[in-house]
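Single-letter residue listing:
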Amino acid sequence: TSGGRETFLFETHPSPMAASEREALLQNPGFGRVLTDHMATIRYSEGRGWHDAKIEPRKAFELSPSTVVLHYAQEIFEGMKAYRLPDGGATLFRPDANARRFTNSANRLAMAPLPEDLFVESVRALVRTDRDWIPAAEGASLYLRPFMIATEAILGVKPSSDYLYCVIASPVGSYFKGGAPAVTLWVSENYTRAAPGGTGEAKCGGNYAASLAAQAEATREGCDQVVFLDAVEKRWIEELGGMNVFFVFEDGSLQTPPLTGTILPGITRDSLITLARDLGLTVREEPYSIDQWQADAESGRLTEAFACGTAAVVTPIGKVKGRTRNFTIGDGGAGPVAARLKATLLDIQNGRAPDRHGWLDRL
Ligand code: PLP
Ligand code: COI
């Protein structure tokens, strides 16, 4: 039904993989290479609404070559994680926030919004089915990727009449390999990520397609991630290719760019603002320019900077490079404020600290 009361039909199958083989994969999963056995799917058809909610063995899709998503990129996605708890159980973290952002993304891309309770239920159902795939190692988790594609087969440019919503899951370790204490950023001057009125605050595949040339440039320059500036003045720091950014000052205060419509409203960003304030720290949501960043890093007024996101968790930034700049933050390694916020967040997500804000959704 379109009212969100669709119940899931379960079609589980024995894992095609021996438990020992799965355990070996869980030891060192990397990021996004390994997928679990099942997927959740729900279909939408104009006139009929949402129907056919299923947990089924993961399999390939069959699409007409004229399918809307293949031509006009009408696609949105989410990123979230399931964590192991000390008692062996599992939990999601703020799935309602991902559901709400998915609705906002759907509206921006003129797609049928999925009822938010159905979004949360689909993720829960998949994690329950594939719970043996949640890694137990410290820092590891089960990454969940809900997404939706336009499935009408038509070349006319208009919102699709039909959609396929799907959730897949992937056991993951840390996003950045190499285990360096801090990452190096490349300041993108040739490319911007999002302009006012564009799709910057939606989580749509097109934003990431548009970021790839900038990320490739960063990689060529020996950097780990790209940092984007605003599209109008090319001065204000917005975010990284797949993470939000925070700055930490000598006086102990924090600052992060405001949600002006061109950056992704990160759930990690939102959670860290709350946790930092709980710890008694001042947090400002105010614009910060790249010139000021360099000046403050060089004078020592800025002591730390870090990236944050579901995949990246909290990742210290050690160096910033660009066509005309090259500066180091602090001693170029991990700082104490980032370390404290990361530990505070992970302790809640892994059930080691009280869940004061009601963020956990235990399965
Ligand atoms: N910004 C971008 C562009 C992202 O891709 C992500 C990751 O999802 C984030 C920020 C952080 O968002 P969240 O904390 O909700 O994962
Ligand atoms: C996430 O953190 O969920 C993202 O979508 C970022 C991406 C770089 C994996």
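Residues numbered from 1 in each chain as written. Chains lettered and ligands numbered in written order. Predicted model: local features only at pLDDT ≥ 70, side-chain atom pairs only at ≥ 80, totals over all residues.

This is how the line gets drawn: UniProt positions are given in the numbering used here, feature names are shortened, and annotations may be inferred rather than shown by experiment.
Going by what an unreviewed UniProt entry lists, the protein chain is known as Branched-chain-amino-acid aminotransferase and is assigned to Sinorhizobium fredii. The Function (unreviewed entry) comment attached to the protein chain in UniProt states, word for word, "Acts on leucine, isoleucine and valine." Looking at the Cofactor (unreviewed entry) heading of the UniProt record, one finds this comment for the protein chain: "pyridoxal 5'-phosphate".

**Regarding the site of ligand 2**
Note the cut-off: Nearness here has a simple definition: the residue's C-beta atom, placed using the backbone, must lie within 6 Å of the molecule or strand. Amino acid classes used here: Ala, Val, Leu, Ile, Met, Phe, Trp, Tyr, Cys and Pro are nonpolar; Asp, Glu, Lys and Arg are charged; the rest, including Gly, are polar.
Surrounding ligand 2, one finds Gly79, Gly242, Gly309, Thr310 and Ala311. Classifying every residue of the shell around ligand 2 gives one nonpolar, four polar and no charged.

**Here's the deal with the site of ligand 1**
The test is simple: A run of DSSP states H or I qualifies as a helix once it reaches four residues; a run of E qualifies as a strand once it reaches two. Both are numbered from the N-terminal end.
Around ligand 1, the surrounding shell consists of Gly79, Glu239, Gly242, Met243, Asn244, Leu264, Gly266, Ile267, Thr268, Arg269, Gly309 and Thr310. For the shell around ligand 1, the element with the highest residue contribution is helix H6 (residues 267–278), accounting for three residues. Residues that form the shell around ligand 1 fall into these classes: three nonpolar, seven polar and two charged.

**Examining helix H3 (residues 95–108)**
How we decide: In this analysis, the expected span of each helix is defined as 1.5 Å times one less than the number of residues it contains. To assign burial, the other C-beta atoms lying within 10 Å of each residue's own C-beta are counted, with C-beta atoms placed from the backbone; 20 or more indicates buried, 12 or fewer indicates exposed, and intermediate counts indicate partly exposed. This arc is taken over the directions from the axis of the helix to the C-beta atoms.
The terminal C-alpha atoms of H3 lie 20 Å apart, and with 14 residues this matches the ideal 20 Å at 1.5 Å per residue to within 8%. The complete set of buried residues in H3 reads Pro95, Asn98, Ala99, Arg101, Phe102, Ser105 and Ala106. All buried residues of H3 lie within an arc of 165° about the axis, which places them on one face of the element. Once H3 finishes, Ala110 follows within two positions and takes phi at roughly 55°, a positive value.

**Here's the deal with the pairing of strand S5 (residues 80–84)**
Two faces belong to every sheet, and in a regular strand the side chains alternate between them. Filter applied, for reference: At least two DSSP bridges between two strands are required for those strands to pair.
Across the five residues of S5, five count as buried, placing the element largely inside the fold. Across the two faces of S5 the burial is the same, with Met80, Ala82 and Arg84 and Lys81 and Tyr83 all buried. Summarising the sheet, S5 and strand S7 (residues 141–150) pair through three bridges and their orientation is antiparallel. Paired with Met80 across the two strands is Leu144, which belongs to S7. Both S5 and strand S6 (residues 90–93) contribute to a ladder of three bridges, which runs antiparallel. Bridge pairing in S6 links Tyr83 to Thr91. If you look at the hairpin formed by S5 and S6, you'll find five residues sitting between the two strands, and Gly88 has a positive phi there, around 90°.

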